[in-house]
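# Structural overview
One-letter residues, chain by chain:
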Amino acid sequence: KVMIHDLQSASIEEKFDFDAKGYLFLLKELTNYFMKRRKGSITFVIQNTGPDILPPVDAMLLGSFYNLAESMFSMYENEPLVLRGIESKIATNRQVAEYILQTVVEDQPKNRGKWLKYNGKTGLFSFGR
């Protein structure tokens, strides 16, 4: 693990450029497009299979992404956009992707404007697959 005082300024800037800026610009363009169409759906996904305590810059970026979604949930709640977030610690990409697809297709109003946690379990008394 890299301690914050050991980070090089260039590596911090590079991390922000590659792990944040592109997504923010894409989100801006998608939101603009959907607002012009007066409909659309954006699902924020966090799949963090790593440790609970992340290195400082990774922790900051993850927190920023999470709070960006929270802000959008609030600011766009009266707009014709469907926004939701899905968070998972499951490493099986296929399972997570199936859950995301199912959630988007079902589009239940109760799942809009908030984070949903996917833990791999499929029902109330299920212990996973």
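The structure reproduced in this document is the subject of the present report.

Reading the values: the criteria
Residues numbered from 1 in each chain as written. Predicted model: local features only at pLDDT ≥ 70, side-chain atom pairs only at ≥ 80, totals over all residues. Heavy atoms only, no water. Salt bridge = Lys/Arg side-chain N within 4 Å of Asp/Glu carboxyl O. Helix = DSSP H or I, 4+ residues; strand = E, 2+ residues; numbered from the N terminus. Expected span 1.5 Å × (residues − 1). Bend = angle between axes of the 7 residues up to and from the residue. Buried < 20%, exposed > 50% of the residue type's maximum accessible area, 1.4 Å probe, protein only. Contact = heavy atoms within 4.5 Å. Pairing = 2+ DSSP bridges. Axes fitted to C-alpha atoms, helices over the stretch in contact; angles between N-to-C directions. 1 Å grid on protein atoms, 1.4 Å probe; cavity = no way out; pocket = protein on both sides within 12 Å on 5 of 7 lines; lining within 4 Å. Points joined across faces, edges and corners; volume = space filled by probe spheres on them.

Per the counting criterion, the structure on display carries 10 salt bridges. D17 serves as the salt-bridge partner of K21, at 2.9 Å between the closest nitrogen and oxygen. Separated by 4 residues within a single helix, K21 and D17 lie in helix α1 (residues 9–37), roughly one turn from each other. With a shortest N-O distance of 3.0 Å, E87 and K117 are connected by a salt bridge. Of the two residues, E87 is situated in strand β2 (residues 81–88) and K117 in strand β3 (residues 115–118); the sequence distance between them amounts to 30 residues. Residues joined in a network through salt bridges with shared partners are K15, D19 and D58.

What follows concerns α1. Structurally, the α-helix is built with 3.6 residues per turn, so residues lying three or four positions apart point the same way. If you check α1, its first and last C-alpha atoms are 41 Å apart, about what 29 residues at 1.5 Å a residue would give, namely 42 Å. At D17, α1 shows its largest bend, some 35°. Where α1 is concerned, the buried positions are L27, T31 and F34. Looking at the buried residues of α1, the elements they touch are β1 (40–47), α2 (56–75) and β2.

Note on placement: P80 falls in the loop between α2 and β2. For P80 and L54, which are 26 residues apart along the polypeptide, the C-alpha to C-alpha distance reads 35 Å. Each residue touching P80, except ones within four places of it in the same chain, is listed here: M35, R38, K39 and G40.

Turning our eyes to something else, we now look at the sheet that holds β3. Within a sheet, adjacent strands bond to each other through the backbone by hydrogen bonds, running parallel or antiparallel. Taken in spatial order, the 3 strands of this open sheet run β1-β2-β3, and their pairing is parallel. Each end of this open sheet is capped by a strand with a single partner; those strands are β1 and β3. Within the sheet, the average angular offset between the axes of one strand and its neighbour, ignoring direction, is 25°. Sheet analysis places β1 next to β2, joined by 8 bridges and oriented parallel. Bridging across to β2, I46 finds its partner in E87.

Considering only enclosed or pocket space, the largest pocket measures out at about 710 Å³ in volume. Lining the largest pocket we find 24 residues, and of these D19, Y23, V45, L61 and F65 sit closest to its centre. Put simply, the parts of the chain that give the lining of the largest pocket at least two residues each are α1, β1 and α2. Per-element tally for the lining of the largest pocket: the top contributor is α1, with 10 residues.

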